[in-house]
Amino acid sequence: MTEKTVWPLFEVFIRSRQGLSHVHAGSLHAADAKMALENARDVFTRRGEGSSIWVVPSQTITASAPENKGELYDPADSKIYRHPTFYDVPDDVEFI
Amino acid sequence: MPAREPDCPERRAAFDAHVAAEGKVEPRDWMPAAYQKTLIRQISQHAHSEIIGMQPEGNWISRAPSLRRKVILMAKVQDEAGHGLYLYSAAETLGVSRDEMEEKLLDGTAKYSSIFNYPTLTWADVGAIGWLVDGAAIINQIPICRCSYGPYARAMMRICKEESFHQRQGFELMMALAKGTQAQHAMAQDALNRWWWPAVMMFGPPDGESVHSRQNMAWRIKRKSNDELRQKFVDMTVKQAEALGLEIPDPDLSFNSDTGHWEIGPIDWDEFWTVVKGHGPCNRQRMAHRRNAHEDGVWVREAAVAFAAKQRARTTQQAA
Ligand SMILES: [Fe+2]
Ligand SMILES: [Fe+2]
């Protein structure tokens, strides 16, 4: 196979129905975005699984590194005041 | 693929403990090289099976006996192409390229499921494949939905959802023949006679001889042993054959009331290894067909790339 026939990789995101977010469904190779979209429809939505599709060139995605998990997410552990359960409210007070 | 931290006993122990506690592994996480290698081999082999598996049934699309059967069969074969794609994509997250995998299939170094090296001689074989081969595949695949490697597990869930239609359409087709004329019934029985043992062998060699089993179980890549899965298939299928009024071609088949399981006679493992080593009835034909399809498609792939480049050039020109 010659170098120039390698098609770039696209990530596919699908909105399963109106009102929901797009969710990552998988990936596929295509010559361009239009072909990626057409192929994504054929591969991922043959049974009405989607009402909208996004395709994104995989190499344009910037991802956090798993090694940085600690420094990125651990600080949230000490900020329990960000959760509603942190606050004391008398049992007989309603709708709060 | 990001550069991985080097292997060391502590890292290895942490990984083993993580998967043993049913933790999942995602593409950018650290993983032992052997775990990565095993998964690449298994997932790509699985993908190849889906792609080669399109051939035996594809062979009957043009001769399906009704429009209803034709659209069903086309939908099924198209699903298998999709399954191949989901799996190739999952394998790519481990750092192997689609082209490398394709090359290994075409040059014969990668394997695919031996079941697809058997011929589809009659229309009833299409029913037998859906009922038995997809039936066995489902039993094999359900435990992999809980595989420790996230992308493989997710691909498997999508596949399993689609497989159930495959098995049911096959059973229905067999039912139509089994309850049809005497000649149709005989055709269904003949298909069962030819596909039964190869389907039973789809679960691989007996537990004692299975090479990678123990490590794969510990890593939560494999969940149930070959013999456990095979037993499940036999128990399930015996009852289904009864419903069809067809006879399983095994004089030793008997019900063990102590265990509650059906027991089968000896499996011809020589046949299994002969086919695995490339000497089954259709190995050469399947590979030749795949290679031709790949070569015939070169100009299409090149043309698509040239067209995309031209479109890009045009948009940049307009923007300038
Ligand atoms: Fe499949
Ligand atoms: Fe299938």
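Above this text is the structure in question.
Along each chain, residues carry numbers from 1 onward, in the same order as the chain's sequence is written. Lettering of chains starts at A and numbering of ligands starts at 1, both following the order in which they are written. Given that this is a predicted model, residues contribute local features only at a pLDDT of at least 70 and side-chain atom pairs are listed and counted only at 80 or more, while totals for whole chains, interfaces and linings are drawn from all residues. Think of the side-chain values as coming from all heavy atoms in the structure, minus any hydrogens and water.

Moving on to the interface of chain A and chain B. If you look at the interface, chain A gives 24 residues, while chain B gives 21 residues. Buried area is understood as the total, over both parts, of accessible area removed when two parts are fitted together, assessed with a 1.4 Å probe. Interface area for chain A against chain B, summed over the two sides, is near 2000 Å², with a carbon-plus-sulfur share of 53%. Between Lys or Arg on one side and Asp or Glu on the other, a salt bridge is scored when a side-chain nitrogen of the former is within 4 Å of a carboxyl oxygen of the latter. Where chain A touches chain B, the interface holds 4 salt bridges. The salt bridge partner of aspartate 79 of chain B is arginine 47 of chain A, with a shortest N-O separation of 2.5 Å. Side-chain atoms alone can form a polar contact between residues adjacent in sequence; in general such a contact is a pair of N or O atoms within 3.5 Å, and within protein one must be able to donate a hydrogen while the other accepts it. On inspection of chain A and its partner chain B, the count reaches 8 residue pairs in polar contact (both at pLDDT 80 or more). Any two residues whose heavy atoms approach within 4.5 Å at even a single point are treated as in contact.

Residues and elements named next belong to chain B. Under the scheme used here, helices are H or I runs from DSSP no shorter than 4 residues and strands are E runs no shorter than 2 residues, and both carry numbers assigned from the N terminus. In this structure, glutamate 228 sits in helix α10 (residues 226-244). Note on classification: 1.4 Å probe, protein chains only; a residue is buried when its accessible area is under 20% of the maximum for its type, exposed when over 50%, partly exposed between these limits. Its relative accessible area of 43% is what places glutamate 228 among the partly exposed residues. In this structure the C-alpha to C-alpha distance between glutamate 228 and proline 206, which are 22 residues apart in sequence, comes to 9.6 Å.

The next subject is the coordination of the iron ion (ligand 1). Residue and element names in this part refer to chain B. Metal donors were taken as nitrogen, oxygen and sulfur atoms no farther than 2.8 Å from the ion, or 3.2 Å where the ion is Na, K or Ca. Water is excluded, so coordination may look unfinished. Surrounding the iron ion (ligand 1) are the protein donor atoms Glu50 (OE), Glu80 (OE), His83 (ND1) and Glu163 (OE), at 2.1 to 2.3 Å. Under the classification used here, a metal with four donors is tetrahedral if each angle lies between 85 and 135 degrees, square planar if opposite donors are over 155 degrees apart and the others between 65 and 115, a six-donor metal meeting that same test is octahedral, and anything else is irregular. One can describe the site at the iron ion (ligand 1) as irregular: its 4 donor atoms subtend angles covering 82 to 154° at the metal. Separation of the iron ion (ligand 1) from the iron ion (ligand 2) amounts to 3.3 Å, with glutamate 80 serving as a shared donor to the pair. Note that glutamate 80 is positioned in helix α4 (residues 67-92) and glutamate 163 in helix α7 (residues 150-178), a separation of 83 residues in sequence. Here the two residues glutamate 80 and glutamate 163 agree in accessibility, since each one is buried.

Residues and elements named next belong to chain B. For the coordinates displayed, the defined rule picks out 19 salt bridges over all chains. As a salt-bridge pair, glutamate 57 and lysine 76 come within 2.8 Å of each other at their nearest N and O atoms. With glutamate 57 in helix α3 (residues 54-58) and lysine 76 in helix α4, this residue pair connects regions lying 19 residues apart in the sequence. Taken as a pair, glutamate 57 and lysine 76 share a single burial class, namely buried. For aspartate 125, the salt bridge is made with arginine 194, and the minimal N-O distance between the two is 2.7 Å. Note that aspartate 125 is positioned in helix α6 (residues 124-141) and arginine 194 in helix α8 (residues 182-201), a separation of 69 residues in sequence. On the accessibility criterion, aspartate 125 (0% relative accessible area) is buried.

Attention shifts here to unusual backbone geometry. Residue and element names in this part refer to chain B. In the Ramachandran plot, glutamate 22 falls in the positive-phi region, its phi being about 65° despite a non-glycine side chain. With respect to the helices, strands and loops of the structure, glutamate 22 is situated in the loop between α1 (9-20) and α2 (33-52). We classify glutamate 22 as partly exposed; its relative accessible area is 41%. If you check the backbone angles, arginine 220 has positive phi at about 60° while not being a glycine. Within the fold, arginine 220 resides in the loop between α9 (213-218) and α10.

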